[in-house]
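# Structural characterization, general
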Number of protein chains: 2
Amino acid sequence: MPPKDKLEKLKAFYTQLFPITEESWEVTRRVLTVRSYRKGDFLVREGDVCNYVSFINNGLIRVYYLVDGKEKIVRFSNEINYVSDYESFLTRRPALTFVQAMEDTEVVDISYPDLQMLYQKVPEANVLGRMIAEQLFIFMCNSNRAGIKESISERYTNLIAQQPWLLQRVPQYMIASYMGITPEALSRVRSRIQKKDAVLVN
Amino acid sequence: MPPKDKLEKLKAFYTQLFPITEESWEVTRRVLTVRSYRKGDFLVREGDVCNYVSFINNGLIRVYYLVDGKEKIVRFSNEINYVSDYESFLTRRPALTFVQAMEDTEVVDISYPDLQMLYQKVPEANVLGRMIAEQLFIFMCNSNRAGIKESISERYTNLIAQQPWLLQRVPQYMIASYMGITPEALSRVRSRIQKKDAVLVN
DNA sequence: ATCCGTTATTGATCAGGGTTAAGATTTCAG
DNA sequence: CTGAAATCTTAACCCTGATCAATAACGGAT
């Protein structure tokens, strides 16, 4: 069982979503594992069946597809968030993504069998599992909509407005990949934005 | 309370996901409503807060964004599936989509407050709610991946392989919209595919 | 059968992002 | 501080799908 101080963030995350009784929490604690990754380590590789859902205590992780030798990033997850190839985790089929630490990262994770056990033994687990799936769904709706309704320069400005830490912690060519364009295209977009800003200032 | 025969498909859908006790089902039945839409009717309009999740007994429904006066279809749902602006439903914020019947359609729906009541009173409801959110998530992963990994002609051939009924029930310009391209572009893709097929036959 | 509105096809041109290549800038280990 | 690797920028050209426009095919109503 992991030490209490490593679980504080996770417990706060939970209780903010749904009140959990002390007994339920004690049952849950027993199946949690603290794990550390170094920058560059893989949590999941394409072809693995993803066996864990990981709550990030600190650090930064990216999820990407490899298409014709090129990385197509689909998600960045940082501290106080979950990360997983949740699709592979749920379906028990080989992952089609890579999940990689971009910084030294500490996570608290739970295995698939342990989570199924919790779903049976701890009633609140189902509520939490439902809410987490719902939040994932809402997040995906948002990023889908960004792809459909926004121009590339709008997407970029919105992205850095919503997740300003990306600019500090993620190289631009990965932000480009996340936006579905090449680094060159993003560079052009940025210079256009800068020129427009300059005009507005004058 | 709706007549039993209108709920058979829904009950079969549920029990296949998770066994539900007769008592729980009786509680659930009481809050279900059968509703009919004519071709062209809207279940949700942009700006409405979506108040229902609807299970489709029969018919066909599309969900789309309106961008610069143009419809961008994001989902087709047919019988034995759910439809809703689930994002608006969950967040209780105005919908950003339109949800419209493409054929005369009969649904069984549940309102937001009734579903919250079920989540509190009927333990299985949380399991079902979790599983439905998980399935939605998996579905979105799949369509995201199609957009990322597949060429347009691959997407088209996969689409009609996976959902052949689309071809019969949906005009091509809407399939194009669903694929994120113009009707003209889809028409050209189709003619290219046909030529290739012809070559293979000879 | 005919008409009209809808849907599908085809062609010409255009625009935006991809590709390639070169150079500039930043980062960081030694 | 220095040099190498990684990252970012800029420019030229290319290619795919968008746009615009005209025509053809289809489908339902009379």
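The rules behind each value
- Residues numbered from 1 in each chain as written.
- Chains lettered and ligands numbered in written order.
- Predicted model: local features only at pLDDT ≥ 70, side-chain atom pairs only at ≥ 80, totals over all residues.
- Heavy atoms only, no water.
- Axes fitted to C-alpha atoms, helices over the stretch in contact; angles between N-to-C directions.
- Helix = DSSP H or I, 4+ residues; strand = E, 2+ residues; numbered from the N terminus.
- Parallel < 35°, antiparallel > 145°, perpendicular 65-115°, else oblique.
- Left-handed = near helix turned anticlockwise from the far one by under 90°.
- Contact = heavy atoms within 4.5 Å.
- Nonpolar A, V, L, I, M, F, W, Y, C, P; charged D, E, K, R; others polar.
- Domains from an automatic or database assignment.
- Buried area = accessible area lost by both parts, 1.4 Å probe.
- Salt bridge = Lys/Arg side-chain N within 4 Å of Asp/Glu carboxyl O.
- Polar contact = N/O pair within 3.5 Å; in protein donor to acceptor, adjacent residues only side chain to side chain.
- Pairing = 2+ DSSP bridges.
- Near = heavy atom within 4 Å.
- Phe/Tyr/Trp six-rings, centres within 6.5 Å; stacked < 30°, edge-to-face > 60°.

## Comments concerning the packing of helix 6 (residues 152–162) of chain B against helix 8 (residues 172–179) of chain B
Residue and element names in this part refer to chain B. Interaxial distance between helix 6 and helix 8 falls to 11 Å at its minimum, and their mutual angle equals 120°. Comparing the axis directions of helix 6 and helix 8 gives the class oblique. With respect to the hand of their crossing, helix 6 and helix 8 are arranged in right-handed fashion. Contact with helix 6, carried on its side by I152, R155, Y156 and L159, involves I175, Y178 and M179 of helix 8 and no other residues of that element. Residue composition of the contact of helix 6 with helix 8, grouped by class: six nonpolar, no polar and one charged.

## Concerning the domain arrangement of chain A
Residues and elements named next belong to chain A. Taken as a whole, chain A is organised into domain 1 (4–149) and domain 2 (150–202). Look at where the C-alpha atoms of domain 1 and domain 2 centre, and you get two points 27 Å apart. Taking both partners together, domain 1 and domain 2 bury about 1200 Å²; carbon and sulfur atoms supply 55% of that area. Of all residues in domain 1, I73, F76 and A146 give up the largest surface area on contact with domain 2, accounting jointly for 40% of the area buried on that side. Linking domain 1 with domain 2 are two salt bridges, by the criterion used here. Across the salt bridge formed by E79 and R169, the nearest N and O atoms sit 2.8 Å from each other. The interface formed by domain 1 and domain 2 includes six residue pairs in polar contact (both at pLDDT 80 or more). For the side of domain 1 that touches domain 2, the elements supplying multiple residues, two or more each, are strand 4 (60–67), strand 5 (70–78) and helix 5 (123–149).

## Digging into the sheet that holds strand 5 (residues 70–78) of chain B
Through backbone hydrogen bonds, the strands of a sheet pair up, either in parallel or in antiparallel fashion. All names here are of chain B. Strand order in the open sheet formed by four strands is 2-7-4-5, and the pairing between neighbours is antiparallel. Both edges of this open sheet fall to strand 2 (42–44) and strand 5, since each of them pairs with a single strand only. With direction set aside, neighbouring strand axes in the sheet form an average angle of 30°. Of the strand pairs in this sheet, strand 4 (residues 60–67) and strand 7 (residues 98–101) are connected by four bridges, and their pairing is antiparallel. Residue pairing in the sheet places R62 in a bridge with Q100 of strand 7. Here helix 8 sits on the sheet and contacts strand 4 and strand 5; the angle it forms with strand 5, its principal contact strand, is near 100°.

## Structural notes on the protein's contact with DNA strand C
In the vicinity of DNA strand C lie 17 residues, with A:T182, A:E184, A:R188, B:Q172 and B:Y173 positioned nearest. A share of 57% of the atoms of DNA strand C within 4 Å of the protein falls on sugar and phosphate groups. Between DNA strand C and A:R188 there is a distance of 3.1 Å, counted from a base nitrogen to a side-chain nitrogen or oxygen. A distance of 3.0 Å separates a phosphate oxygen of DNA strand C from a polar atom in the backbone of B:Y173. For the surface near DNA strand C, the secondary-structure elements that each account for two or more residues are helix 9 (183–201) of chain A together with helix 8 and helix 9 (183–201) of chain B. When its residues are assigned to classes, the surface near DNA strand C shows five nonpolar, five polar and seven charged.

## Points about the packing of aromatic side chains
This model, assessed by the stated rule, comprises 20 aromatic pairs over all chains. Seen from their ring centres, A:F89 and A:Y112 are 5.2 Å apart, and the 70° between their planes marks the pair as edge-to-face. Taken together, the residues span a long stretch of sequence, with A:F89 in helix 3 (residues 86–91) and A:Y112 in helix 4 (residues 112–121) at a distance of 23 residues. Ring geometry for B:F55 and B:Y82: centres 5.6 Å apart, planes at 70°, overall edge-to-face. Of the two residues, B:F55 sits in strand 3 (residues 52–58) while B:Y82 sits in strand 6 (residues 82–83), which places them 27 residues apart along the sequence. Chaining the aromatic ring pairs together yields one cluster made of A:Y86, A:F89, A:Y112 and B:F137.

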